[in-house]
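Now for the letters of each chain:
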Amino acid sequence: MDIEEFRKAGYQAIDRICDYYTSLQDRPVVSQVQPGYLVDALPSSPPEEPEDFASIADDFQKMILPGITHWQHPNFFAYFPTAASFEGILGDLYSSSVSNPGFNWLSSPACTELEQVVMDWCAKLIGLGDHFLNKSGVGGGVIQTTASEAGIVVCVAARARYIRENPDVKLEDLIIYTTTQTHSLGVKAGLVLGLEVRTIGVKAEDEYGLRGETLREALNEDLARGKKPFVLIATVGTTSSGAVDYIEEIGEVLREHPSIWLHVDSAWAGVAMACPEYRGVGKLDAINKYAESYDTNFHKWGLVNFDASMLWVRSRKSLTDALDVTPEFLRTKQHDAGLVVDYRNWHLGLGRRFRSLKVWFVLRRYGVEGFRRHIREGVQLNEYFASLVRDSPDFELVTTPSLALSVFRLKLPSSVVLGAQEDALSALNSLNRAFHTRISAESDKIFLTQTMLNDTFCVRFAVGAQRTRKEHVDRAWELIKASARSAAEEWLQNRTKS
C-alpha cells in the first residue's frame, strides 16, 4: 500500500467508523453469533498472493462486526463500561503512525515525557497528593495495560521490598492479602508469583468492605503460625457491588506493620474522584495518607480507549529496585546520568505502547469540566435507575448504590410458601437465577451481568457508556420488568409441578 492508497483507505475507514457509531443503537447489544462462526468461515492458511485491501475492509464489515459485542452501546449495562471516545480513537491512530517500542527515553523521548506529564495531569485531576507525582522525583505514575497487570507489578515490588527488609524470610511463608470481594487480580498475582493468597471475609452489614479489626484478626492468626503477609490489595469500588474497603481503619492497622505494602485498586471508581463531591466516597484522604500505590483505569469510565490503566507509587525506587534489568545494549548516557525515566523498569515487559497520546488528546479535548460532566451524568442515571427499583413493589436493592452501579434482585412473590427444607435465601437465589436467564435472552436489546455477594445471587446494573441517556434507562427498566414477570410466572409453575 502506497501513501495515496493509504489515504483513500483511511478516508473510507473513518467514514465507516462514523457510520458504525451512527447505527450503533440499532445493532444488537451482544453478538448473536454461535461459537466457531469465524473459525469455520475463514480459510485455515493465509493467502499465497496479496489481496485487494477494499475486499479486506469489506470483510471486516461482513465477518468481524457481527462477532462484536458492542460495549459502547447505550443499552450496555454489564460488567463496567469500556471507553471509546473519538478523541481516543484518533490518539490511537496517531500513535500507531509513529510506532516504536518505547522501552527507554532515547527510543522516542516524546513517548516517555508525555507519559510523565499526563500521569501528573491525571493524578491532579483525581486529587492524588504531590508525593504521587512524577514531578516529585520520588514517587510517580506509569501507564500499565490493565489493573490486573498493575496488581502483579505491585506484588513483585512489595515482595522485593519485604525480602530486602527481612532477608531471612522464606518464600513459602509470604502471603498476599485480598478479600472475598477483591477482583481476581489478587489471586492471579498469587498464581503468577507462586505465593499463598488469603481472601479475608467481608460482611453484608459492612457493605462488603474490609474493616480494620477484621484485618487485625487475620494478621494475628497468620503471624502466630509463622506466615508473613507482605501486601494487602484493598479496593475502592469492587466489581460485584462497588464496595469500598475502610481504608482509614486499614491504614491505621498497617501502621503497626510497616513492612506490609498497601495497594488500593480502584480500577472502575477511581476516575469519579475527578468530581470533588465523590472524593469522600473514594477515600481520597486515606489513600493519600496510607497507600503505597494506587491504580485506576481511565479505559473504563474515563473516556480513554483501552488500554490505559494508571498506576501511581509513593516510591518509584520500590519499582525499579524490583524490576530494573539493564543489559549493555539498553544503556544510554541520559539514563546513566540520571536525567531521564526509563519506563521499562516500571512494569513487567520491555516494550510498551505510546498510550499517553490518547490520554493527552482526551484530557485536552474534554477539559476537567467536560470530564466531570461525563462522570456526573453516569452517577445521575444510576440514581434514577435506583429510584425505579426503590419504588417498585417487585424489586429491591441488595446494597446501597455505588456511584454508577446498582445491585438489585427480584423479590419473592407474596404467594410463595416455603417448603419444610427450604429457606428464603435459596428460594430468592433460584428465582433470581431464573430472572437473569430470562433477561439474558434479550441480549440483542440489553446486557446485564450477575454476581454473588457472599451467598446472595443478584443482578448488576452498571451505567457508563458515553451514549447512554435517560430514555435508555427507561427502556431497560421496561425490559427488566417484563422479563421478571415472565421469569416469575415460569418459576412459580415449575414449583407447583415439583
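Above this text you will find the structure in question.
Residues numbered from 1 in each chain as written. Predicted model: local features only at pLDDT ≥ 70, side-chain atom pairs only at ≥ 80, totals over all residues. Heavy atoms only, no water.

S.K.: Where do I start with helix H11 (residues 316–323) in this structure?
M.R.: Since the α-helix turns once every 3.6 residues, residues separated by three or four places project in the same direction. Buried within H11 we find Arg316, Ser318, Leu319 and Leu323. Looking straight down H11, one finds that the buried residues subtend no more than 160 degrees of arc, so they occupy a single side. Structurally, H11 contributes buried residues whose contacts are with helix H6 (147–165), strand S5 (261–265) and strand S7 (309–313). (Buried < 20%, exposed > 50% of the residue type's maximum accessible area, 1.4 Å probe, protein only. Helix = DSSP H or I, 4+ residues; strand = E, 2+ residues; numbered from the N terminus. Arc of directions from axis to C-beta. Contact = heavy atoms within 4.5 Å.)

S.K.: It is not clear to me how the sheet that holds strand S9 (residues 405–410) should be interpreted in this structure. Could you clarify?
M.R.: One key point about sheets: their strands pair by backbone hydrogen bonds, in either a parallel or an antiparallel sense. Here we have four strands laid out as an open sheet, ordered S8-S9-S11-S10, and antiparallel in their pairing. Each edge of the open sheet carries a strand with a single partner, namely strand S8 (395–397) and strand S10 (449–453). When strand polarity is set aside, the average angle formed by the axes of neighbouring strands in this sheet is 45 degrees. As judged from the five bridges shared by S10 and strand S11 (residues 456–462), these two strands associate in the antiparallel manner. From the neighbouring strand, threonine 451 faces S11, where its bridge partner is cysteine 458. Against the sheet, helix H15 (residues 470–497) makes contact with S8, S9 and S11, and its axis sits at roughly 120 degrees relative to S8, the strand it touches most. (Pairing = 2+ DSSP bridges. Axes fitted to C-alpha atoms, helices over the stretch in contact; angles between N-to-C directions.)

S.K.: Teacher, can you tell me more about the side chain of asparagine 134 here?
M.R.: Among the structural elements, asparagine 134 can be located in the loop between helix H5 (109–126) and strand S1 (140–144). You can call asparagine 134 buried: its relative accessible area is 6%. When near neighbours in sequence (up to four residues on either side) are disregarded, asparagine 134 contacts Glu115, Gln116, Met119, Asp120, Gly139, Gly140, Gly141, Arg316, Tyr343 and Trp346.

S.K.: Even after reading the chapter, I still don't get a negative patch on the surface, so can you show me in this structure?
M.R.: A cluster of like negative charges, contributed by Asp2, Glu5, Glu51 and Asp52, occupies part of the molecular surface. The partly exposed category is assigned to glutamate 5, whose relative accessible area is 45%. (Patch = residues over 30% accessible without salt bridge, like charges linked within 9 Å, V, L, I, M, F, W, Y side chains within 5 Å. Areas by Shrake-Rupley, 256 points an atom, 1.4 Å probe, with all protein chains shown as cover. Salt bridge = Lys/Arg side-chain N within 4 Å of Asp/Glu carboxyl O. Lys, Arg positive; Asp, Glu negative; His and termini not counted. Charge placed at Lys NZ, Arg CZ, Asp CG, Glu CD.)

S.K.: Please explain a nonpolar patch on the surface as it appears in this structure.
M.R.: Together, Ile14, Ile17, Phe86, Leu90, Leu93 and Tyr94 make up a nonpolar patch on the protein surface, roughly 520 Å² of accessible area in all. Elements with a minimum of two residues in the nonpolar patch: helix H1 (3–22) and helix H4 (86–97). Mapped onto the secondary structure, isoleucine 14 falls in helix H1.

S.K.: What exactly am I supposed to notice about the pairing of strand S3 (residues 196–200) here?
M.R.: The side chains of a regular strand alternate between the sheet's two faces. Two strands pair when backbone bridges link them, and strand S2 (residues 174–179) and S3 are joined in this way by five bridges, in the parallel orientation. Looking at S3, one finds that isoleucine 175 is bridged to glutamate 196. Once you follow S2 into helix H7 (residues 185–193) and on to S3, the crossover reads as right-handed. (Right-handed = clockwise from strand over helix to strand, strands pointing away.)

S.K.: How should I be thinking about the side chain of histidine 374 in this particular structure?
M.R.: Mapped onto the secondary structure, histidine 374 falls in helix H13 (residues 356–391). With relative accessibility at 10%, the residue histidine 374 sits in the buried group. Polar side-chain contacts of histidine 374 include one of 3.0 Å to the backbone oxygen of tryptophan 301. When sequence neighbours within four positions are dropped, the list of residues in contact with histidine 374 reads Trp301, Leu303, Gly464 and Gln466. (Polar contact = N/O pair within 3.5 Å; in protein donor to acceptor, adjacent residues only side chain to side chain.)

S.K.: Honestly, the nonpolar core in this entry has me stumped. Any pointers?
M.R.: As a rule of thumb, nonpolar side chains are buried together in soluble globular proteins. In this structure, Leu215, Phe298, Trp312, Phe408, Phe435, Phe461 and Ile480 are the most contacted members of the largest nonpolar core, which totals 97 residues. Of the residues forming this core, the biggest block, eleven residues, is contributed by H13. With residues up to four places along the chain from it excluded, the contact list for phenylalanine 435 reads Phe395, Phe408, Leu410, Val459, Ile480, Ser483, Ala484 and Ala487. (Core = buried A, V, L, I, M, F, W, Y, C linked by side-chain atoms within 4.5 Å.)

S.K.: Could you clarify how one ought to interpret the pattern of salt bridges in this entry?
M.R.: Pairs can form between side chains of opposite charge whenever their charged atoms are close. If you walk through the whole model with that rule in mind, you get 36 salt bridges. With its nearest N and O atoms 3.5 Å apart, the salt bridge here joins lysine 445 to aspartate 444. Three or more residues joined by partner-sharing salt bridges are found here, namely Asp173, Glu196, Arg198, Glu221, Asp222, Arg225 and Lys227.

S.K.: What is the right way to read the packing of aromatic side chains from this model?
M.R.: Describing an aromatic ring pair means giving the distance of the ring centres and the angle of the ring planes. Evaluation of the coordinates by the stated rule reveals 21 aromatic pairs. With 6.2 Å between their ring centres and 40 degrees between their planes, tryptophan 360 and phenylalanine 361 make a pair best called tilted. For tryptophan 360, a relative accessible area of 26% translates into the label partly exposed. In this structure phenylalanine 361 comes out as partly exposed when scored by relative accessible area, which is 23%. It is arginine 460 that lies over the ring of phenylalanine 80; its NZ or CZ is 4.8 Å from the centre. (Phe/Tyr/Trp six-rings, centres within 6.5 Å; stacked < 30°, edge-to-face > 60°. Lys NZ or Arg CZ within 6 Å of the ring centre and 35° of its normal.)

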